[in-house]
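# An overview of the molecular structure
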Amino acid sequence: MNLDEYFKRIGFHGSYDKLDLATLKLIHRQHVMSIPFEDLSIHCGEKITMDLEVIFNKMVRSSRGGWCLENNSLFGWVLRQMGYDTTTLGSRVFSSTGGEYHTEETHLINKVIIDGNAYIADVSFGVSFQLWEPLELISGKEQSQAPGVFRLIDKGDMWVLEKTGRKPEVPNPEFAKSSLLDKKQTQVMYSFTLEPREPYHFSQVNHDLQTDPTSLFINKSICSLQTPTGFRALVGWTYSEVTFKPEEGVDVYDMRNVTDDELEEILREKFNVKLQKKLQAVNKKACYTL
């Protein structure tokens, strides 16, 4: 781990000698603004591994993004190298269509202890559900961030994360009924316990998500990146630029379809992603909303 390379990648130029909440918040925000949530390796014929050195080379040195098993593994490694008290946790993503949690812990997150207080750091859920800053682990507390209001709820045997967002406003009428839009204001994101997880705990899930025909990541090529005013997303051939407007109670979704010939340029110019192999975009029917 070369912290200087990582900090250069996310554009962090401050001091990290003080292991306080302010530094954690800044690094968390810089990460989500610089490193995309993406599953493009699957659609470029590349294997995704949980080897930290491989992840570092891919995401830091090769200007790529990754999904949660990569992004949050890298972020947890960074925090431990800095000296933060950091624990890896596993969570089960909630399916709004099925109305239940995934049977496996497919989402990796980090718990950080600072001055006796616990925080949940998650730099890789993507799109409008992406945390910009860590959440304090307090049940029922409304924690407002640019994407909306997040709440962690202690259910006794597990914790649940939910988010209340804003109504989508879509200027292009062609996308007014897009399946990528979800008009639910409050949604459950995932559940988790505080039991520490080792990297090997996610090995089988990491394999399954890349090979199971029913996996969301097999059925959709996804790349999203947070911006100072919202986020950008490329799902299959649909490119979206979303602007958060909390003062108006809406988020504006500027959506358009692109061609295969445009994909490489959009990834390079909008996400700073440079692929080594040709992307085979995919957008099959599967539940996924921005």
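Residues numbered from 1 in each chain as written. Predicted model: local features only at pLDDT ≥ 70, side-chain atom pairs only at ≥ 80, totals over all residues. Heavy atoms only, no water.

The protein chain is annotated in an unreviewed UniProt entry as arylamine N-acetyltransferase of Oreochromis aureus.

Read across the sheet, six strands follow the order 1-12-13-14-15-10 without closing on themselves; strand pairing throughout is mixed. Strand pairing shows two members of the sheet lacking a second neighbour, strand 1 (37–38) and strand 10 (167–169), which therefore form its edges. Summarising the sheet, strand 1 and strand 12 (residues 222–227) pair through two bridges and their orientation is antiparallel. When the bridges of strand 12 are listed, E38 appears paired with C223. In the packing of helix 7 (residues 260–271) onto the sheet, the strands contacted are strand 12, strand 13 (230–235), strand 14 (238–245) and strand 15 (250–257), and the crossing angle to strand 13 comes to about 160°. (Pairing = 2+ DSSP bridges. Helix = DSSP H or I, 4+ residues; strand = E, 2+ residues; numbered from the N terminus. Contact = heavy atoms within 4.5 Å. Axes fitted to C-alpha atoms, helices over the stretch in contact; angles between N-to-C directions.)

All right, on to the side chain of T88 then. Inspection of the secondary structure puts T88 in strand 2 (residues 85–95). When neighbours within four sequence positions are excluded, T88 is seen to be in contact with R80, L108, I109, N110, E195, P196, R197 and F202.

Where side chains of opposite charge bring their charged atoms close, a pairing between them can arise. Taken as a whole and assessed by the stated rule, the structure comprises 14 salt bridges. One salt bridge connects E142 with R151, and the closest N-O pair in it is separated by 3.3 Å. For E142, a relative accessible area of 55% corresponds to the exposed category. With relative accessibility at 12%, the residue R151 sits in the buried group. Between E264 and R268 there is a salt bridge whose closest N-O contact spans 4.0 Å. In this pair, E264 and R268 are both assigned in helix 7, four residues apart and thus about one turn of the helix distant. Salt bridges linked by common partners bring E38, E46 and R64 together as one network. (Salt bridge = Lys/Arg side-chain N within 4 Å of Asp/Glu carboxyl O. Buried < 20%, exposed > 50% of the residue type's maximum accessible area, 1.4 Å probe, protein only.)

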